[in-house]
Amino acid sequence: MKKKLLILSNYAFPYQIGGSEVVIHAIGKNLVNQFDWDVTVGATNVQEKTTVDGVRIKKSPPTKSSLIGFCKAQRPDAIFVYSDAYVNWRDILMFSSSLPGKLFLAPVGFNHTFKNTLLQKLLRKNENNLELICHSKSYVDYDFSMNYASKSHVVPNGVDLEEFNVSYNGLLNDLKSEYGNILLTVANFFPGKGYDGLLK
């Protein structure tokens, strides 16, 4: 019998394409194609059910009771919440002991929890009901995770080198001659990225 994973996120590919959506899709696609897992992504922005690269994509319900029912109906071996900024993370955390399968959170910086004392208290109360997945030991979310009994794992962010296997057309040289210094980033301009410090 196939292992089942439910990934919960605010946004999902193909309805939005950004950093987290690409990472989530890559995780799901690789688990389906290379390890024969059954993967469903439940996201708040899904307009209609679809399947992409073997990954089922569904709308996650907005209310607490329907969301918990949605999780139970999927009967996952594991639930993976991508980011503590997931709109229903508080409810997932509150009912973590009654959810099916093992619960994992990729805090992606813990930016939301840093600002929310209720989330910090809920995390403390339910710290034995989940495991944390951080991108690096040298990042703030790993340091913060050391305050809790939850088991922490480090899974480095990967780069798909094929995305960069293209011929260079010289455009950056033209831009540099016109504007001087260029800041190039693969991330969005979310305040937690720290661009303000870089520009100072």
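Located above this text is the structure these notes cover.
Residues numbered from 1 in each chain as written. Predicted model: local features only at pLDDT ≥ 70, side-chain atom pairs only at ≥ 80, totals over all residues. Heavy atoms only, no water.

1. Regarding the sheet that holds strand β4 (residues 55-59)
Rule in force here: By definition, two strands form a pair when at least two bridges between them are found by DSSP. Helix numbering and strand numbering both begin at the N terminus, where a helix is a DSSP run of H or I of at least 4 residues and a strand a DSSP run of E of at least 2. Throughout, an axis means a line fitted to C-alpha atoms (over the contacting stretch in the case of helices), and angles, computed between N-to-C directions, take values from 0 to 180 degrees.
The sheet built from eight strands is open, its strands ordered β3-β4-β2-β1-β5-β6-β7-β8 with mixed pairing. Across the chains shown, the open sheet's two edge strands, defined by having one partner strand only, are β3 (50-52) and β8 (151-154). Within this sheet the neighbouring strands show an average axis-to-axis angle of 25 degrees, counted without direction. Sheet topology note: the β3/β4 ladder contains three bridges and is antiparallel. What sits directly across from Val52, in β4, is Val55.

2. Some details on helix α5 (residues 117-125)
Inclusion rule: Between buried and exposed lies partly exposed: a residue is buried under 20% and exposed over 50% of the maximum accessible area for its type, with that area taken using a 1.4 Å probe on protein chains only. Arc, as used here, means the arc of the directions from the helix axis to the C-beta atoms. Contacts are residue-level and defined by heavy atoms, with any inter-residue pair within 4.5 Å sufficient. We call two N or O atoms a polar contact when they sit within 3.5 Å, provided that within protein one can donate a hydrogen and the other can accept it, with sequence-adjacent residues counted only if both atoms are side-chain atoms.
Among the residues of α5, Leu119, Leu122 and Leu123 are the ones counted as buried. Across the axial projection of α5, the buried residues extend over an arc of 100 degrees, all falling on one side. In α5, the exposed positions angled more than 90 degrees off the buried face are occupied by Thr117, Lys121 and Lys125. Residues of α5 that are buried in the fold lie against α3 (89-94), α4 (111-114) and β7 (130-134). Where α5 begins, one side-chain oxygen reaches toward the backbone nitrogen of Leu118, 3.0 Å away; that side chain belongs to Asn116.

3. Here we look at helix α2 (residues 64-74)
Of all the positions in α2, only Leu67, Ile68, Phe70, Cys71 and Gln74 are classed as buried. In an axial view of α2, the angular spread of the buried residues amounts to 155 degrees, which keeps them on one side of the axis. Opposite its buried face, α2 presents the exposed residues Ser65 and Ala73, each directed more than 90 degrees away. Looking at the buried positions of α2, the neighbouring elements they touch are β1 (4-9), β2 (38-43), β4, β5 (78-82) and α3. A positive phi of about 50 degrees marks Arg75, the residue just after α2.

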